Amino acid sequence: MKQHSKQPVRGGSAFWAVVITSAAGFITALDNLIVTTALPSIREDLGGGLEDLEWTVSAYTLTFAVLLMFGASLGDRFGRRRLFAIGLAIFTAASAAAALAPGMNELIAARAAQGVGAAIVTPLTLTLLSAAVPAERRGAALGVWGAASGIAVATGPLIGGTLTEHLSWQWIFWVNVPLGLALIPLALLRLNESHGPNPSLDLAGTVLASGGLFGIVYALIRGNADGWSSATVLGGFIAGTALLVGFVFYELRAKHPMLPMRLFRNRSFSAINAASLLMLLGMFGAIFLLSQYLQTVGGYSPMQAGVRMLPWTAMPMIAGPLAGALSDRIGGAPVVTVGMALNAVGLGLWALAVEPQVSYTALLPALIVCGIGMGMFFAPSANLVMSTVRPEEQGIASGANNAIREVGGAIGVASLAAVFSAQGGYGSASQFVDGLIPALWVGAGAVALAAAVALLMPRRSKADRATPGLALGDTPPGVTVAA
């Protein structure tokens, strides 16, 4: 019998797969928060208002969110290694364009292009890694990958602040370029090509979801500037909502849907995803404003502000593994619920403590409480998502959860900034605080609602006792996608 020849396996492919995918995961995760401590410097250099700063963050998270599952489908159809290299090329070129941007509009466009590249790269890091590493060593490999992404998120504000202070804000984007240029040829030379079982593309679903989310976020960002009853704002809300409703109905009938609506028939799946959206809405919106507060009102340099954010952003690296072990004993649902409740308490503590003249030590308890809460949320929530679906649906489920988290982050930045702009502004320290306090209370309310939604999940199920491995698009402990 004639046997089909197999593609030769490249020497050291498992080692190189870990190195390449971990490095790629690092730079794409880094760009979620690296820009936050650079926002005051960007505003000073390029001008623009609050809505422009919102778009520098939301343009990345929004395109990343709506194209995440589509990026995985592209890899399944056209080859994962090929699309991984293409995604890296897009991300690298967009990073250079952001560094060279002469104005806010060009910077926002480059950030959106970065999100496109990241949406292709991120889900393929896991599929390429899983295909290259033997099952008996996959846990350790995924641990390295997760640690790299977690370190990127934890140190993002610090790295961004250090580069901004000692070089310039442009270097928060330039740092991606040599890494991207090195990873592209390594990926093509050292990774094996593979295709997925489902080569179909949900173009219509992607367009409907993208248009709907853009319309709503656009309306939120332009609400204070144009008026909440203006034609552009109302049109954005109405058109965005209509497109999202159309997306749901289309996905219900599609043969190969990007987001199978049947998954939401499971109460636990619906609850953890709704809670994830609200959690990221409050948390990411708060980080957007608090990083600016430390510099604008607190008087800290960008690097000093990044250091002072570490109790929040780095705490999940400590609390995450402990929360994961605890969830194995008592179930993930109560751990996630307590984590979100702690985040709500932490944001409330910020709102009570913040004022134009306040010491950092007075704010430190709020940072620590928020950091512990984040660690308790991210560590077990991914396992909760996986435990609600069949094994063959885990890739879709984890991709959906990560996309929903990113959407929550984009809406959170727009929503809390809208509250901030309506009640305060950048005119003076007291004016900034006047806007920040109600925005923090809105964020705390959103996260408290997330904790209430999480109560709808069963306390412990048979599936919850299992600990399936990370699947396509899954978020490791301590990683926000974040925001």
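Now for a quick tour of the structure. (Residues numbered from 1 in each chain as written. Predicted model: local features only at pLDDT ≥ 70, side-chain atom pairs only at ≥ 80, totals over all residues. Heavy atoms only, no water.)

### A closer look at the overall build of the chain
Phase 1 of the analysis: Helix and strand counts for the chain stand at 18 helices and zero strands.
Phase 2 of the analysis: Surface summary for the chain: the accessible area is close to 18,100 Å², and the carbon and sulfur share equals 66%. (Helix = DSSP H or I, 4+ residues; strand = E, 2+ residues; numbered from the N terminus. Areas by Shrake-Rupley, 256 points an atom, 1.4 Å probe, with all protein chains shown as cover.)

### Regarding the packing of aromatic side chains
Phase 1 of the analysis: Across all of its chains, the model carries eight aromatic pairs by this definition.
Phase 2 of the analysis: A ring pair is formed by Phe15 and Trp16, whose centres lie 5.5 Å apart and whose planes are at 75°; its orientation type is edge-to-face.
Phase 3 of the analysis: Given a relative accessible area of 53%, Phe15 falls into the exposed group.
Phase 4 of the analysis: Judged by its relative accessible area of 23%, Trp16 falls in the partly exposed class.
Phase 5 of the analysis: The side chain of Arg308 reaches across the aromatic face of Tyr360, ending 5.5 Å from its centre. (Phe/Tyr/Trp six-rings, centres within 6.5 Å; stacked < 30°, edge-to-face > 60°. Buried < 20%, exposed > 50% of the residue type's maximum accessible area, 1.4 Å probe, protein only. Lys NZ or Arg CZ within 6 Å of the ring centre and 35° of its normal.)

### A closer look at a nonpolar patch on the surface
Phase 1 of the analysis: Side chains of Ile151, Met317, Ile318 and Leu322 sit close together on the surface and give an oily, nonpolar patch of about 380 Å² of accessible area.
Phase 2 of the analysis: In this structure, Ile151 sits in helix H6 (residues 135-166).
Phase 3 of the analysis: Assessed through its relative accessible area of 41%, Ile151 is described here as partly exposed. (Patch = residues over 30% accessible without salt bridge, like charges linked within 9 Å, V, L, I, M, F, W, Y side chains within 5 Å. Salt bridge = Lys/Arg side-chain N within 4 Å of Asp/Glu carboxyl O.)

### Considerations on helix H9 (residues 203-226)
Phase 1 of the analysis: The end-to-end C-alpha distance of H9 is 32 Å, a good match for the 34 Å that 24 residues give at a rise of 1.5 Å each.
Phase 2 of the analysis: By the largest-angle criterion, Leu220 marks the main kink of H9, which is about 30°.
Phase 3 of the analysis: Of the residues one or two after H9, Gly227 is the one with positive phi, at around 100°. (Expected span 1.5 Å × (residues − 1). Bend = angle between axes of the 7 residues up to and from the residue.)

### A word on the nonpolar core
Phase 1 of the analysis: Phe84, Tyr293, Trp312 and Met340 are the most contacted members of the largest nonpolar core, which has 138 residues in total.
Phase 2 of the analysis: For this core, the element with the most residues is helix H11 (residues 267-296), which contributes 17 residues.
Phase 3 of the analysis: In contact with Tyr293, other than residues within four places in its own chain, are Gly298, Trp350, Val354, Glu355, Val358, Leu363, Phe432, Val433 and Leu436. (Core = buried A, V, L, I, M, F, W, Y, C linked by side-chain atoms within 4.5 Å. Contact = heavy atoms within 4.5 Å.)

### With respect to the packing of helix H1 (residues 13-33) against helix H4 (residues 80-99)
Helix-helix packing: each pair is described by the crossing angle between the helix axes and the interaxial distance.
Phase 1 of the analysis: Interhelical geometry of H1 versus H4 gives an angle of 35° and a closest axis separation of 12 Å. As H1 packs across H4, the resulting crossing turns out to be left-handed. For the pair formed by H1 and H4, the contact residues are Ile20, Ala24, Ile27, Thr28 and Asp31 on the first element and Phe84, Leu88 and Phe91 on the second.
Phase 2 of the analysis: Partitioned by chemical class, the residues of the contact of H1 with H4 number six nonpolar, one polar and one charged. (Axes fitted to C-alpha atoms, helices over the stretch in contact; angles between N-to-C directions. Left-handed = near helix turned anticlockwise from the far one by under 90°. Nonpolar A, V, L, I, M, F, W, Y, C, P; charged D, E, K, R; others polar.)

### A few points about helix H3 (residues 50-78)
Phase 1 of the analysis: An ideal rise of 1.5 Å per residue puts 42 Å on 29 residues; H3 measures up with 40 Å between its terminal C-alpha atoms.
Phase 2 of the analysis: In the structure, H3 departs most strongly from a straight axis at Leu67, where the bend amounts to approximately 50°.
Phase 3 of the analysis: With 26 of 29 residues buried, H3 lies mostly within the body of the structure.
Phase 4 of the analysis: Gly79 lies just past H3 and shows a positive phi near 110°.

### So, the environment of Ala333
Phase 1 of the analysis: As for its position among the elements, Ala333 is in helix H14 (residues 332-353).
Phase 2 of the analysis: In this structure the C-alpha to C-alpha distance between Ala333 and Met457, which are 124 residues apart in sequence, comes to 6.4 Å.

### Some thoughts on the environment of Gly103
Phase 1 of the analysis: Tracing the backbone through its elements, the reader meets Gly103 in the loop between H4 and helix H5 (104-132).
Phase 2 of the analysis: Residue classification places Gly103 among the buried residues on the basis of a relative accessible area of 12%.
Phase 3 of the analysis: For Gly103 and Gly47, which are 56 residues apart along the polypeptide, the C-alpha to C-alpha distance reads 7.9 Å.

### Here we look at the side chain of Gln295
Phase 1 of the analysis: Turning to its location among the elements, Gln295 is positioned in helix H11.
Phase 2 of the analysis: The class for Gln295 is buried, based on a relative accessible area of 11%.
Phase 3 of the analysis: Leave out the neighbours within four places in its chain, and Gln295 touches Thr37, Pro40, Tyr300, Ser301, Pro302 and Ala305.

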